Amino acid sequence: MLKYTPKNRISSKASLAKTLSISESELEELLSDIEQSPQTYSELPIPKKNGTYRTVFNPNYRLKTTQQRICGRIFPHIQFPPYLFGSIKDESNPRDYFKCVQLHCGAGCLATIDIEDFFPSIDKDKIFDIFLRFFHFPERVAWTLTQICTHPIYDFLPQGAPTSPIVANLALYKKEHQLYSSLKEKGVTYTRLMDDIAISHTEIGHKIEREASIIRATISSQGFKVNEKKSSLIQRKGNSPIVLHGLRLGESQPKLQAGQASKVRSSVKHLEKLASEPNKRTHHEFRRLWHSTSGRVNLLRRAGDLRYPSLRKRLNKISPLISPKERLLLYKTVSKLENKHEKYSNRHWYKKEVAKSRYLAIIMRKSFHKEATQLLNRLHALR
């Protein structure tokens, strides 16, 4: 069941400011900036597979810091039901796309329903309703949080803001749990990964379109539209696989599509070639590529692919290294963090710097194990 269970009630703007570790005057200044400044967000166009672009909005430092505090201090008290996936912290039950697909494994039929322009469709009124009626905040608190989480010019949920994914997960809160429960009684599995809804039934030939029509009506009643071009009805036929979120539905766990493992192997080989170049393993771009490839290799493990052990071993042999310049800077940074710990340990930037330094110390351990271990011990004391 989707619900909000806070330890301490936020009953006024004053208590909201206290929760966010800012003064009431700083909160008012922030709201004034949001309302008056056109530079609150920068826009970044991201190309999509179909040739169009998705606009990602990046909030300025002050607004992003406040949004991150909302994510860290208010949103963790939300209990999410098992059918929601994406941007939900749940160590006991990871909410990523792989786990989402896993729930549909063994399906005889599948329907996918895509919500059109999902983030832009979550307008200011919907966001205010979520803070007022789901969180049960007083109107002034709900309106203040709405201003912080809404794009001030377009009046919708800005994709790219730290708060937006969780608000998006709550967008169907009025009807979704009832919908999930009624489908479950019929033996139908329901999941939603942001704007991608999927339902399945184990029986081949089951008329899944009946349940799909119920979902379409529910979406429409909540002020959203279905993207027909990205929605589908699929029946299992012979050995032809059903694909969801880029993975094949196996009988018990997701499988990679044909050619995916070969592409991962090619990425590892490409990294091995780069690693053979002098000092390449200390470059930031190599580090980025290594982590990206590492995530793809881990997908092989989760999918039970037998090529995982050898590729993981090859990748670990060429893990990123720290440069001499970074090594010296790391020592200085850790000393500065220790000096500032008492005064700034609760600040977001401080915690972020500790996390970054810890990451570099872990990389450093590859070449300087003893020194890196000492630095990690010092950083552990700052957490």
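Use the structure listed above.
For every chain, the first residue of its written sequence is number 1, and the numbers climb from 1 along that sequence. In keeping with the model being predicted, local features are shown solely for residues with a pLDDT of at least 70 and side-chain atom pairs are shown and tallied solely at 80 or more, while totals for entire chains, interfaces and linings include all residues. Water and hydrogen atoms play no part in the side-chain values, which are based on all heavy atoms of the structure.

Asks: Sorry, what's going on with the overall build of the protein here?
Replies: When you go through the protein residue by residue, the secondary structure sums to 16 helices and 12 strands. Taking all contacts inside the protein whose residues are at least 6 apart in sequence as the whole, residues at least 24 apart take part in 68%. Surface summary for the protein: the accessible area is close to 21,100 Å², and the carbon and sulfur share equals 51%. We count Lys and Arg on the positive side and Asp and Glu on the negative side, and we leave His and both chain ends out. Each charge is placed at NZ for Lys, CZ for Arg, CG for Asp and CD for Glu. Across the protein, the mean location of the 66 positive side-chain charges is 9 Å away from that of the 36 negative side-chain charges. Labels follow the DSSP assignment, with helices taken as runs of H or I lasting at least four residues and strands as runs of E lasting at least two, numbered in each case from the N terminus. Note on contacts: a residue pair is in contact if any heavy atoms of the two residues lie within 4.5 Å. Using a 1.4 Å probe, the Shrake-Rupley method yields the accessible areas, and only the shown protein chains count as cover for residues.

Asks: How should helix 3 (residues 61-73) be read in this particular structure?
Replies: Side chains that are three or four residues apart share a direction in an α-helix, a result of its 3.6 residues per turn. Spanning 13 residues, helix 3 covers 18 Å between terminal C-alpha atoms, matching the ideal 18 Å at 1.5 Å per step. Residue exposure (1.4 Å probe, protein chains only): buried if accessible area is under 20% of the type maximum, exposed if over 50%, otherwise partly exposed. For helix 3, the complete set of buried residues consists of Leu-63, Thr-65, Thr-66, Gln-67, Arg-69 and Ile-70. Lining the buried residues of helix 3 we find helix 2 (24-36), strand 2 (41-47), strand 3 (53-59), helix 7 (139-149) and helix 15 (348-364). Here the expected span of a helix is defined as 1.5 Å times the quantity of residues minus one.

Asks: I'm lost on the layout of surface pockets in this one. Help?
Replies: The rolling of a water-molecule-sized probe over the atoms marks out the regions of remaining empty space. Here a cavity is any set of points on a 1 Å grid over the protein atoms alone where a 1.4 Å probe fits but cannot get out, and a pocket is any open set with protein on both sides within 12 Å along at least 5 of 7 lines; a residue lines the site when it has an atom within 4 Å of a point. Grid points are joined across faces, edges and corners, and a volume is the space filled by probe spheres set on the points. Roughly 1,300 Å³ of volume is contained in the largest pocket. Along the walls of the largest pocket sit 34 residues, with Arg-54, Asp-114, Asp-195, Asp-196 and Lys-230 positioned nearest its centre. Listing elements by their share of the lining of the largest pocket, those giving two or more residues are strand 3, strand 6 (109-115), helix 5 (118-121), strand 8 (196-201), strand 9 (226-235) and strand 10 (243-244). Each residue gets one label: Ala, Val, Leu, Ile, Met, Phe, Trp, Tyr, Cys and Pro are nonpolar, Asp, Glu, Lys and Arg are charged, and the others, such as Gly, are polar. By residue class, the composition of the lining of the largest pocket is 16 nonpolar, nine polar and nine charged. By volume, the second largest pocket is sized at about 490 Å³. Lining the second largest pocket are 17 residues, with Cys-71, Gly-72, Phe-75, Pro-76 and Lys-89 positioned closest to its centre. Contributions of two or more residues to the lining of the second largest pocket are made by helix 3, strand 4 (78-79) and helix 8 (164-169). The biggest single contributor to the lining of the second largest pocket is helix 3, with three residues. Residues belonging to the lining of the second largest pocket are distributed by class as follows: nine nonpolar, five polar and three charged.

Asks: Would you take a moment to explain the side chain of Thr-218 for this structure?
Replies: Residue position: Thr-218 is located in helix 10 (residues 208-221). In contact with Thr-218, not counting residues within four places along its chain, are Lys-175 and Leu-179.

Asks: Explain the side chain of Gln-67 to me, please; I cannot follow it from the model alone.
Replies: Within the secondary structure, Gln-67 sits in helix 3. Apart from residues lying up to four places away in sequence, Gln-67 is in contact with Tyr-41, Pro-59, Ile-148, Cys-149, Ala-161, Pro-162 and Thr-163.

Asks: How should I be thinking about the sheet that holds strand 10 in this particular structure?
Replies: Two modes of strand pairing occur in sheets, parallel and antiparallel, and in both the strands are linked by backbone hydrogen bonds. With antiparallel pairing, three strands are arranged side by side in an open sheet as 10-11-12. Every other strand in the sheet has two partners, leaving strand 10 and strand 12 (254-255) as the edge strands with one partner each. Two strands make a pair as long as DSSP finds a minimum of two bridges between them. Relative to strand 12, strand 11 (residues 247-249) is paired through two bridges, and the arrangement is antiparallel. Residue Leu-249 lies in a different strand from strand 12, and its bridge partner there is Pro-254.

Asks: Even after reading the chapter, I still don't get the pattern of salt bridges, so can you show me in this structure?
Replies: Pairs can form between side chains of opposite charge once their charged atoms are near each other. Within this document, salt bridges are pairs made up of a side-chain nitrogen of Lys or Arg and a carboxyl oxygen of Asp or Glu, the two lying within 4 Å of each other. Across all of its chains, the model carries 18 salt bridges by this definition. A salt bridge links Glu-228 to Arg-216; its shortest N-O distance comes to 2.7 Å. Highlighted residues: Glu-228 in strand 9 and Arg-216 in helix 10, separated in sequence by 12 residues. Arg-216 gets classed as partly exposed once you look at its relative accessible area, which sits at 27%. Taking the shortest distance from any N to any O, the salt bridge between Asp-305 and Arg-307 comes out at 2.9 Å. Residue classification places Arg-307 among the partly exposed positions, given a relative accessible area of 37%. A network of salt bridges, in which partner residues are shared, links Glu-29, Asp-33 and Arg-62.

Asks: Looking at this structure, how should I read the nonpolar core?
Replies: One recurring pattern in soluble globular proteins is that nonpolar side chains are buried together. Definition of nonpolar core: a set of buried residues of the types Ala, Val, Leu, Ile, Met, Phe, Trp, Tyr and Cys, connected through side-chain atoms within 4.5 Å. Counting 66 residues, the largest nonpolar core has Ile-74, Ile-78, Phe-131, Phe-135 and Phe-137 as its most contacted members. For this core, the element with the most residues is helix 6 (residues 124-134), which contributes six residues. Those residues within four positions of Ile-78 in sequence are excluded, and the remaining contacts are Leu-2, Lys-3, Tyr-4, Phe-134, Phe-135, Ile-166 and Leu-170.

Asks: Explanation requested: the sheet that holds strand 6 in the structure shown.
Replies: Ordered in space as 5-7-8-6-9, the five strands form an open sheet in which the pairing is mixed. Every other strand in the sheet has two partners, leaving strand 5 (84-85) and strand 9 as the edge strands with one partner each. Examined bridge by bridge, strand 6 and strand 8 share six bridges and lie antiparallel to one another. Across the sheet, the residue bridging to Leu-110 is Ser-200, located in strand 8. Against the sheet, helix 9 (residues 176-185) contacts strand 5, strand 7 (189-193) and strand 8, and its axis sits at roughly 150 degrees relative to strand 7. Lines fitted to C-alpha atoms define the axes, with helix axes restricted to the stretch in contact, and inter-axis angles between N-to-C directions lie between 0 and 180 degrees.

Asks: Mind showing me how you'd approach the packing of helix 14 (residues 324-344) against helix 15 here?
Replies: Where helix 14 meets helix 15, the axes come as close as 10 Å, and the angle between the chain directions of the two elements is 145 degrees. Once helix 14 is placed against helix 15, the crossing between them reads as left-handed. Note on element contacts: helix 15 touches helix 14 through Trp-349, Tyr-350, Glu-353, Val-354, Ser-357, Leu-360, Ala-361 and Met-364, opposite Glu-326, Arg-327, Leu-330, Tyr-331, Thr-333, Leu-337, Glu-338, Lys-340, His-341 and Tyr-344. Taken together, the residues that form the contact of helix 14 with helix 15 break down as 10 nonpolar, three polar and five charged. Crossing handedness is defined as follows: a turn of the near helix away from the far one that is anticlockwise and smaller than a right angle gives a left-handed crossing, while the clockwise case is right-handed.

Asks: Whenever I open this one, the state of the cysteines confuses me. Can you help?
Replies: Here, disulfide denotes a covalent bond that connects the sulfur atoms of two cysteines. Two cysteine sulfur atoms form a disulfide, by the criterion used here, when they sit within 2.5 Å. Here the structure, examined in full by the defined rule, presents zero disulfides. Cysteine Cys-71 remains unbridged, with the sulfur of Cys-149 as its closest cysteine sulfur at 7.7 Å. Judged by its relative accessible area of 22%, Cys-71 falls in the partly exposed class. We classify Cys-149 as buried; its relative accessible area is 0%.

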